[in-house]
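These are the residues of each chain, in order.
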Amino acid sequence: MPTAKSDAFVFFGATGDLAYKQIFPALQALVKDGKLDMPVIGIARSGWDVDQLRKRAEDSLKEHGGVDQAAFAKLSKQMQYLDGDYGDAQTYEKLRKALGDAQHPLHYLAIPPSMFVPVVKGLAASGCSLGARVIVEKPFGRDLQSARALNRTLHRFFHEHDIFRIDHYLGKEPVQNLLYFRFANSLLEPIWNRDHIASMQITMAEDFGVQGRGRFYDEVGAIRDVVQNHMFQVLALLAMGPPANRSADAMRDEKLRLFRSMRPLRAEDIVRGQFDGYLKEPGVAKNSTVETFAALRIHMDTWRWSGVPFFIRAGKQLPVKCTEVLVRLKNPPQQVFDDPSNGAVNHFRFRLNPDVIISLGALVKEPGEAMKGHPVELVAHRHIRTAMAPYERLLGDAIDGDSALFTRDDCVEEAWRVIDPILGDKVPVHKYKPGSWGPGQADALIAEAGGWNDPRVETVARGGR
Ligand code: BG6
């Protein structure tokens, strides 16, 4: 397996939204860390020149983290711009020339999924794919069939170990911490099973709408945008078995085993919602039935998890921006004291965004004669702002050829297999008010497992220290 560092960074979609929000800040950070000493070639079909691209990069940095004069000057010098249509052979001939004697270019497809195939074919026909790696943005396909077709096309021109399917959640420090916390400690594993865990739930709430991305979003919806990828990756880290070691394939083998154990979703396992006002967003079809909210119940057929329900809830225009996992433990077999916990005595909380919290919820006795208690949380808390941005980490890893934080072909396809039966309009989409927790039907889905947790309930306030 070639582990040579990439020697040219090419990004398609250079004038687009993703480049503006994520790629330029990551590139500047990589230059600053001395990890991007190579030509940086932006490609788009906007009729620009390199100075316009530099200006765009500067504007992007002003908005996202700030311009570091020295690093930006270096990046500007390395930057080239190629204008061309992605379906035109000449675009790739120009690229071939611009690559000069680079042996291992890294091609990043920061473009809509419908353009992946023509670009990959263009790279191959021009020889730009030789010795190269490719980064593919999410969503990877629209369903199982299209993901398989895309994998087949990619495999015609690239080895699997040279394909980097990006899911920026895997590059997040707190998501990595989930993996670390589970497998660096011995305390969780003995109880991390059906004998001790009652249920797990993941909430990914966003308190804003589609932010001008209506056209993209209306082709995708919440399930394809964040559930099949981000949420399933978090679920995998929560529920998978211990990996044999930290190699990319050891991790991905365990994830694959987990995805394979997941039952295909049925209509009764999902609630879809759409916030009032979505249909007025620019780019959204007037009669769109695309969901901006989804709640799901997932079952896994394994000895470890048989009978334990897993829930995912993700949506736009919810009351708060927060991604949080709540693991509810089974209650003591006998209730000796009055229960002040509303029926869920112990839990683990993993807050992944916007701050990082790992905590254990428990009951302690109040001082005094009465055997009365109250809930506390034993909190390990670390602020998120010190962490490296996910795109910097992931692009740096792809440059080094390290695929541990990227998704493998079989894992992506298994995730689609689970989701596939409920895609489209198989279940109705219910309206919900912006600022609410989505349609009321989502509450019924989880009622038997104690309901959704409200991440706004301040852990420390609840427990004291
Ligand atoms: C992206 C989705 O992948 O993730 C967006 O396309 C979503 O719709 C975003 O808002 C959330 O990422 P983060 O890092 O802000 O939680």
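Conventions used here
- Residues numbered from 1 in each chain as written.
- Predicted model: local features only at pLDDT ≥ 70, side-chain atom pairs only at ≥ 80, totals over all residues.
- Heavy atoms only, no water.
- Axes fitted to C-alpha atoms, helices over the stretch in contact; angles between N-to-C directions.
- Helix = DSSP H or I, 4+ residues; strand = E, 2+ residues; numbered from the N terminus.
- Parallel < 35°, antiparallel > 145°, perpendicular 65-115°, else oblique.
- Contact = heavy atoms within 4.5 Å.
- Near = heavy atom within 4 Å.
- Polar contact = N/O pair within 3.5 Å; in protein donor to acceptor, adjacent residues only side chain to side chain.
- Areas by Shrake-Rupley, 256 points an atom, 1.4 Å probe, with all protein chains shown as cover.
- Nonpolar A, V, L, I, M, F, W, Y, C, P; charged D, E, K, R; others polar.
- Buried < 20%, exposed > 50% of the residue type's maximum accessible area, 1.4 Å probe, protein only.
- Phe/Tyr/Trp six-rings, centres within 6.5 Å; stacked < 30°, edge-to-face > 60°.
- Lys NZ or Arg CZ within 6 Å of the ring centre and 35° of its normal.
- Core = buried A, V, L, I, M, F, W, Y, C linked by side-chain atoms within 4.5 Å.
- Salt bridge = Lys/Arg side-chain N within 4 Å of Asp/Glu carboxyl O.
- Pairing = 2+ DSSP bridges.

Draft legend 1. Structural detail: the packing of helix α9 (residues 221-239) against helix α10 (residues 248-261). Contact pair α9 / α10: the axes reach a minimum separation of 9 Å and the direction vectors enclose 105 degrees. Put simply, α9 runs roughly perpendicular to α10. Taken together, the residues of α10 that come into contact with α9 (itself represented by Phe232, Gln233, Leu235, Ala236, Leu237 and Ala239) are Lys255, Leu258 and Phe259.

Draft legend 2. Up close: the site of the ligand. Around the ligand sit Lys138, His168, Tyr169, Lys172, Met204, Glu206, Arg213, Asp225, His230, Lys316, Lys321 and Asn353, and those are all the residues in its vicinity. Take Lys172: an N or O atom from its side chain is 2.6 Å from an oxygen atom of the ligand. Within the side chain of Lys321, an N or O atom sits 3.2 Å from an oxygen atom of the ligand. Here the ligand, which alone exposes 400 Å², has 80% of that area covered by the protein. Each residue belonging to the shell around the ligand can be placed in one class, and the counts come to two nonpolar, three polar and seven charged.

Draft legend 3. How the structure looks around the environment of Ala132. Here Ala132 is to be found in the loop between α5 (116-125) and β5 (133-136). Overall, Ala132 belongs to the buried group, its relative accessible area being 3%. Taking the C-alpha atoms as reference points, Ala132 and Phe24, 108 residues apart in sequence, are found 21 Å from one another. Discounting residues that sit within four places of it in the chain, Ala132 has contacts with Pro105, His107, Phe158 and Asp162.

Draft legend 4. A look at the packing of aromatic side chains. Inspection of every chain in the model, using the stated rule, returns 17 aromatic pairs. Judged by centre distance (6.4 Å) and plane angle (75 degrees), the rings of Phe9 and Tyr108 are edge-to-face. With a gap of 99 residues between them, Phe9 in strand β1 (residues 8-12) and Tyr108 in strand β4 (residues 105-109) connect regions that are remote in the sequence. Here the two residues Phe9 and Tyr108 agree in accessibility, since each one is buried. Aromatic side chains Phe311 and Trp452 sit 6.0 Å apart centroid to centroid with 75 degrees between the ring planes, which places their arrangement in the edge-to-face category. Separated by 141 residues along the polypeptide, Phe311 in strand β10 (residues 310-315) and Trp452 in the loop between α13 (441-446) and α14 (459-463) bring together distant segments of the chain. Members of the aromatic cluster, joined through ring pairs, are Tyr217, Phe275, Tyr278, Phe293 and Tyr432. In this structure, Lys172 is placed above the aromatic ring of Tyr169, and the distance from its NZ or CZ to the ring centre is 4.8 Å.

Draft legend 5. Representation of the nonpolar core. Judged by nonpolar contacts, the single largest core of 120 residues is most densely connected at Phe9, Phe12 and Phe350. Per element, the largest residue contribution to this core is eleven residues, and it comes from α9. Beyond its immediate stretch of four places on either side in the chain, Phe12 contacts Ile43, Tyr86, Tyr92, Leu95, His107, Tyr108, Leu109, Ala110, Ile111, Val119 and Leu123. Counting 22 residues, the second-largest nonpolar core is a separate cluster that includes Val210, Tyr278, Val284 and Ala442.

Draft legend 6. Structural view of the pattern of salt bridges. Enumeration according to the criterion identifies 32 salt bridges in this entry. Put simply, Glu324 and Arg351 hold a salt bridge, and the shortest N to O gap is 2.8 Å. Residue Glu324 is found in strand β11 (residues 322-329), and its partner Arg351 is found in strand β12 (residues 347-353); the two are separated by 27 residues along the sequence. Assessed through its relative accessible area of 6%, Arg351 is described here as buried. Look at the salt bridges and you will find they share partners, linking Asp249, Arg252, Asp253, Arg408 and Asp410 into a network.

Draft legend 7. Looking closely at the side chain of Asp269. Mapped onto the secondary structure, Asp269 falls in the loop between α10 and β8 (270-275). Once residues within four sequence positions are removed from consideration, Asp269 is found in contact with Ala295, Leu296, Arg297, His299 and Leu445.

Draft legend 8. Molecular detail of the sheet that holds β5. Reading across from one edge, β3-β2-β1-β4-β5-β6 is the order of the six strands in this open sheet, with parallel pairing throughout. Two strands bound the open sheet, and with one partner strand each, they are β3 (79-83) and β6 (163-165). Neighbouring strand axes in the sheet, compared pairwise and without regard to direction, differ in orientation by 20 degrees on average. Contacts from α5 reach β1, β4 and β5 within the one sheet, and its direction differs from that of β4 by about 160 degrees.

Draft legend 9. Highlighting unusual backbone geometry. Residue Pro139 is bonded to the preceding Lys138 through a cis peptide linkage, with omega at -5 degrees. Tracing the backbone through its elements, the reader meets Pro139 in the loop between β5 and α6 (144-157). Here Asn353 and Pro354 are connected by a cis peptide whose omega angle stands at 0 degrees. Looking at where Pro354 falls in the secondary structure, it is placed in the loop between β12 and β13 (356-365).

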